[in-house]
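# Chain and residue survey
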Amino acid sequence: MSKWKIHTPEGVQDILFDECALKRNIEDKLRGLYRSYGYFEVETPTIEFYDVFSSGTGLIPQETMFKFFDQQGRILVLRPDITVPVARISATKYREMPYPMRFSYIGNVFRYNDYGGGKQSEFTQAGVEVLGAGTSEADAEVIAIAINALKAAGLDNFKLDIGQVEFFNGLMDETKLSDEETDLLKVMIDRKDYVGVEELLGKCEMGADLKKLIIDLPALFGSADVIDRVEALALNKRSLDALENIRQVLNILDDYGLSKYVSVDLGMLKGLNYDTGIIFRGFTYGIGFPILTGGRYDRLVEEFGRQCPATGFSLGVSMIMTALQRQKADIAKPCIDSIVCYSQKGRKTALNLCGELRRQGLIIELDLSTGGVDAVKKYAAGKNIGGVINVSDEETIEIHDIATGAVNKTGISELVKGCRI
Amino acid sequence: MNYLTIALSKGRLADLSIEMLENMGVDCSEYKNPSRKLIFTDEKNGVKFFLVKPADVPTYIEYGAADLGIAGKDTLLEEDRHLYEVLNLGFGACKMVLAGPAELQGKLDQLNNKRVATKYPKIAREYFEHKRRESIEVIKLNGSVELAPLVGLSELIVDLVESGRTLKENGLVVLDVIAGISARMVVNRVSIKMKSDKVNWVIEGLKKQLEARKGESSLPKF
């Protein structure tokens, strides 16, 4: 029955020393960055009721969630996302809190049937959400944080694409397409399936200009002049408002000094089902998937009983790590500064010395093998440890430099007096 | 260091794909020289390309192991990957159809439990679930699908049909056309943005050839 005991299930993985160090490093930087913008961190449960993610607009497809039952027979899921739980919190626990509310989180989420190509079934998302602010300023702030988050994580060659789902919705108001056809069209435009879009529209009756615009939609991406080009066409208010929204956000990002990272894609449509306005995706070299997604979701929080505009983004920490590794970024590995060994008489001194050096910020290993200094030196050389400190007694301390072979003799008082090893 | 990587389908689409790349100035001499190389490089244009099984092309593209590729619409439908389908290349044209014995014509609804043999389980299932709103039993085969109804393995088949001769010779008829199939150019979702210059160069290059061939201009603009 123990056939599987040495394996991990598909879609999950162990994170070992070097990777784990890199991951914590990225997470710490992101945590600090989010906090510096006033986004305080929350933790939500790993297990939630299925209803949280499935009610109302049918947020997350049920086949992508890990499900099980509690003792009353209610359906539980491993959280597939943290945005929705944050919306739940804001409408319940923080019901009375004045707007805008700023949240950040770093946590693992779970998606069934969604792994491959650097994607895992369990992966870490780090993101922010701002609730109660429906302005372009809020849209711009989260995009600015997203860009700075990628920079903080160590990437410098990346792009953020901005779209606006209301532009498409405005166009759809002018057509007589059924909801089903609209959904299909949405998916095809998002996939830049020119052939499919043309085929579908070929069967529909609508103005020639409108038809041409919708057929061109998958190709409407690039720099900001895409907006100028489209704005010249006769559009309804809903679509024009959407374009104005993008323009404002781009202007604000220009003032942030971040315009070089952003471009426009009016054909970007299918983020999550709860998107209502500006949406965006981040890309970089070396990884074939978006490393970051975000956008406005003004109708999500009302599912939990409070009307409230909202926007945010989440970034895939594991994706960033893969990208850094593929781009051969300079990644600091965790290493031991020195190892301390001792003979019986020097034990107390050695232990005190370890404590003092650690307080100074060094990473100090203690020899546990008690096999003598030569054995320790051999071990240190194999493990890339810089120095061996051999404590014979209070006044007889040898410092061996493994790289050069040099040996310094010293006493405890001199050593502790701030001299770094 | 930033090559544009292209994945091509082995088999019937390969020669045409290579010809189109060559026409637009990609150096394919490495491919034509017999060797055991798997990846062919054109240093001048910064292009690499390789050939893989048709069904694997969408996978390479989705993961970003290749930036763009040429694959049949049949594999794109069957694999259903996240990628951009930007150009209909027109060649390799045929149809994905539902076929069965002639006596079933017009009587499909009377058949309660339908067994459908196919190389394309996903396409078959999608078609029945969404277009016909029926549940079926899919029998996955790897070839000679036409045989299945003849020996009682299934009532129906879903398969690619070019001329329809094989069907006819075996007493089968087309009951419905599921989709028109032809070769498509597909692009990774990130590459279209991060390597837009080179990607557009290929799209434009192929498009020009298509227009010259057909003399029609209903193709999308970039």
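Here's what I pulled together on the structure shown here. Every value quoted in this text rests on a predicted model; they were computed, and no experiment measured them. (Residues numbered from 1 in each chain as written. Chains lettered and ligands numbered in written order. Predicted model: local features only at pLDDT ≥ 70, side-chain atom pairs only at ≥ 80, totals over all residues. Heavy atoms only, no water.)

## A look at the layout of surface pockets
All names here are of chain B. Counted as a void, the second largest pocket has a volume near 780 Å³. Looking at the second largest pocket, it is lined by 33 residues, and the ones nearest its centre are Asp74, Thr75, Lys119, Tyr120 and Leu160. When residues of the lining of the second largest pocket are traced back to their parent elements, those giving at least two are helix H4 (73-79), strand E9 (156-161) and helix H7 (165-169). Classifying every residue of the lining of the second largest pocket by side-chain character gives 11 nonpolar, 9 polar and 13 charged. (1 Å grid on protein atoms, 1.4 Å probe; cavity = no way out; pocket = protein on both sides within 12 Å on 5 of 7 lines; lining within 4 Å. Points joined across faces, edges and corners; volume = space filled by probe spheres on them. Helix = DSSP H or I, 4+ residues; strand = E, 2+ residues; numbered from the N terminus. Nonpolar A, V, L, I, M, F, W, Y, C, P; charged D, E, K, R; others polar.)

## Side note on the interface of chain A and chain B
At the junction of the two partners, chain A supplies 28 residues and chain B supplies 27 residues. Summing both sides of the interface, chain A and chain B together bury roughly 2400 Å²; the carbon and sulfur share of this comes to 55%. At the surface where chain A touches chain B, the tally comes to 4 salt bridges. Of the charged contacts, one joins lysine 73 of chain B and aspartate 193 of chain A as a salt bridge, the two residues approaching to 4.0 Å between their closest N and O atoms. Taken together, the links from chain A to chain B amount to 8 residue pairs in polar contact (both at pLDDT 80 or more). (Contact = heavy atoms within 4.5 Å. Buried area = accessible area lost by both parts, 1.4 Å probe. Salt bridge = Lys/Arg side-chain N within 4 Å of Asp/Glu carboxyl O. Polar contact = N/O pair within 3.5 Å; in protein donor to acceptor, adjacent residues only side chain to side chain.)

## Brief notes about the sheet that holds strand E12 (residues 310-316) of chain A
All names here are of chain A. What the 9 strands build is an open sheet, ordered E1-E5-E6-E12-E11-E10-E7-E9-E8; its pairing is mixed. The sheet is open, and its two edges are formed by strand E1 (40-41) and strand E8 (221-222), each paired on a single side. As paired strands, strand E11 (residues 292-296) and E12 are joined by 5 bridges and run antiparallel to one another. Bridge pairing in E12 places glycine 295 opposite glycine 312. (Pairing = 2+ DSSP bridges.)

## Some thoughts on the sheet that holds strand E17 (residues 407-410) of chain A
Residue and element names in this part refer to chain A. Reading across the sheet, the 5 strands line up as E14-E13-E15-E16-E17 and stay open at both edges, with mixed pairing between neighbours. Edge positions in the sheet fall to strand E14 (364-366) and E17, since each has one partner strand and no second. Within the sheet, the average angular offset between the axes of one strand and its neighbour, ignoring direction, is 20°. As judged from the 6 bridges shared by strand E15 (residues 387-393) and strand E16 (residues 396-401), these two strands associate in the antiparallel manner. When the bridges of E16 are listed, asparagine 390 appears paired with glutamate 398. Against the sheet, helix H12 (residues 347-359) contacts strand E13 (338-342), E14 and E15, and its axis sits at roughly 155° relative to E14. (Axes fitted to C-alpha atoms, helices over the stretch in contact; angles between N-to-C directions.)

## A short note on the side chain of serine 136 of chain A
Topologically, serine 136 of chain A is positioned in helix H4 (residues 136-152). Not counting residues up to four positions away in its chain, the partners in contact with serine 136 of chain A are Asn245, Gln248, Val249 and Ile252 of chain A.

## Section: the packing of helix H7 (residues 194-202) of chain A against helix H8 (residues 208-216) of chain A
Residue and element names in this part refer to chain A. For the pair H7 and H8, the least separation of the axes is 9 Å and the interaxial angle reads 155°. As far as their axial angle goes, H8 and H7 are roughly antiparallel. Crossing hand, H7 versus H8: right-handed. Taking contact as the criterion, the partners of Tyr194, Val197, Glu198, Leu201 and Gly202 in H7 are, on H8, Lys211, Ile214 and Ile215. The residue inventory of the contact of H7 with H8, partitioned by class, reads 5 nonpolar, 1 polar and 2 charged. (Parallel < 35°, antiparallel > 145°, perpendicular 65-115°, else oblique. Left-handed = near helix turned anticlockwise from the far one by under 90°.)

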